[in-house]
Amino acid sequence: MKNSFAAIGKNVVQTEIDALKKLKKSINKDFDKIVNVILKCKGKIVFSGVGKSGIVSKKISSTLASIGIPTFYVDAGSCSHGDLGMISSNDVIILISHSGESEELKNIIKYAKRNRNLTLIGITSKKNSLLYKSSELKFLLPTITEAGPGNYIPTSSTTLQMCLGDALALS
């Protein structure tokens, strides 16, 4: 029996389309609040994440820079080794994490909570996560199925993160 790679590819695309439809329904007043905070920011928009979410964070930061918004990406792991100093008063920190529990994000979360002039925005899929509970503003990504066997390869979840970032930038 011969595998149809085209059929597998179409299934991946359909799974991600289904996830995007859920994201569309999730865009609400929390989205509006996040856009308003980005627009009113007197400092920089600082993005971070771990793994694939970190890569998506870097891309969203780059997109915002393309439209003239002062922003940068900081590696979450490096923040535990001095790079928190890159974040200054009046910045907005946007952390993206599928689980909201990534160990590397904990120092950034603590730093944001200690510095009252910083706003922490959490984008995650888990309402009971440390990131969600600790964030001043939050966006809960919908529960979705990852494309491919086993529901564990970051596919649909990163597609949602990327699309949400594009929606924020263009708003």
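Residues numbered from 1 in each chain as written. Predicted model: local features only at pLDDT ≥ 70, side-chain atom pairs only at ≥ 80, totals over all residues. Heavy atoms only, no water.

Caption draft 1: Inspection of the sheet that holds strand E3 (residues 92–97) at higher detail. Taking strand neighbours across the sheet as the criterion, the five strands line up as E2-E1-E3-E4-E5 in an open arrangement whose pairing is parallel. Bordering the open sheet on either side are strand E2 (71–73) and strand E5 (137–140), each of which pairs with just one other strand. Within the sheet, the average angular offset between the axes of one strand and its neighbour, ignoring direction, is 15°. In the sheet, strand E1 (residues 45–49) pairs with E3 via five bridges, with the strands oriented parallel. (Pairing = 2+ DSSP bridges. Helix = DSSP H or I, 4+ residues; strand = E, 2+ residues; numbered from the N terminus. Axes fitted to C-alpha atoms, helices over the stretch in contact; angles between N-to-C directions.)

Caption draft 2: Layout of the pattern of salt bridges. Following the criterion strictly, the structure yields three salt bridges and no others. Its salt-bridge partner being Lys44, residue Asp91 comes within 3.4 Å of it at the nearest N-O pair. With Asp91 in the loop between helix H4 (76–79) and E3 and Lys44 in the loop between helix H2 (29–40) and E1, this residue pair connects regions lying 47 residues apart in the sequence. What makes Asp91 buried here is its relative accessible area of 0%. Judged by its relative accessible area of 25%, Lys44 is partly exposed. (Salt bridge = Lys/Arg side-chain N within 4 Å of Asp/Glu carboxyl O. Buried < 20%, exposed > 50% of the residue type's maximum accessible area, 1.4 Å probe, protein only.)

Caption draft 3: Representation of helix H1 (residues 5–26). With 22 residues, H1 extends 32 Å between its outermost C-alpha atoms, agreeing within 8% with the 32 Å of an ideal straight helix rising 1.5 Å per residue. Thr15, Glu16, Ala19, Leu23 and Ser26 are the residues of H1 that are buried. For H1, the buried positions fall inside an angular range of 90° around the axis, keeping them on one side. Structural note: H1 exposes Ala6, Lys10, Lys21, Lys24 and Lys25 on the side pointing more than 90 degrees away from its buried face. (Expected span 1.5 Å × (residues − 1). Arc of directions from axis to C-beta.)

Caption draft 4: Inspection of the packing of aromatic side chains at higher detail. Under the definition given, this model contains zero aromatic pairs. If you follow Lys138 out to its NZ or CZ, it ends over the ring of Tyr132, 4.9 Å from the centre. (Phe/Tyr/Trp six-rings, centres within 6.5 Å; stacked < 30°, edge-to-face > 60°. Lys NZ or Arg CZ within 6 Å of the ring centre and 35° of its normal.)

Caption draft 5: Spatial organisation of the pairing of strand E4 (residues 119–124). Taking burial as the measure, the six residues of E4 include six buried ones, the bulk of the element. In terms of strand pairing, E3 meets E4 through six bridges, oriented parallel. Across the sheet, residue Val92 finds its bridge partner in E4, namely Thr119. One crossover worth recording links E3 to the parallel E4 by way of helix H5 (residues 106–114), and it is right-handed. Judged from the four bridges that link them, E4 and E5 form a sheet pairing that is parallel. Across the sheet, Ile123 pairs through a bridge with Phe139, a residue of E5. (Right-handed = clockwise from strand over helix to strand, strands pointing away.)

Caption draft 6: Quick look at the nonpolar core. Judged by nonpolar contacts, the single largest core of 26 residues is most densely connected at Ile45, Ile94, Ile123, Phe139 and Leu164. Secondary structure elements with two or more residues in this core: H1, H2, E1, helix H3 (52–66), E3, E4, E5 and helix H7 (156–170). Excluding residues within four positions of it along the chain, Ile123 makes contact with Ile94, Leu95, Ile96, Ser97, Leu131, Phe139, Leu141, Leu164 and Leu168. Ranked by size, the runner-up nonpolar core spans 17 residues in total, among them Val46, Ile93, Leu118 and Leu131. (Core = buried A, V, L, I, M, F, W, Y, C linked by side-chain atoms within 4.5 Å. Contact = heavy atoms within 4.5 Å.)

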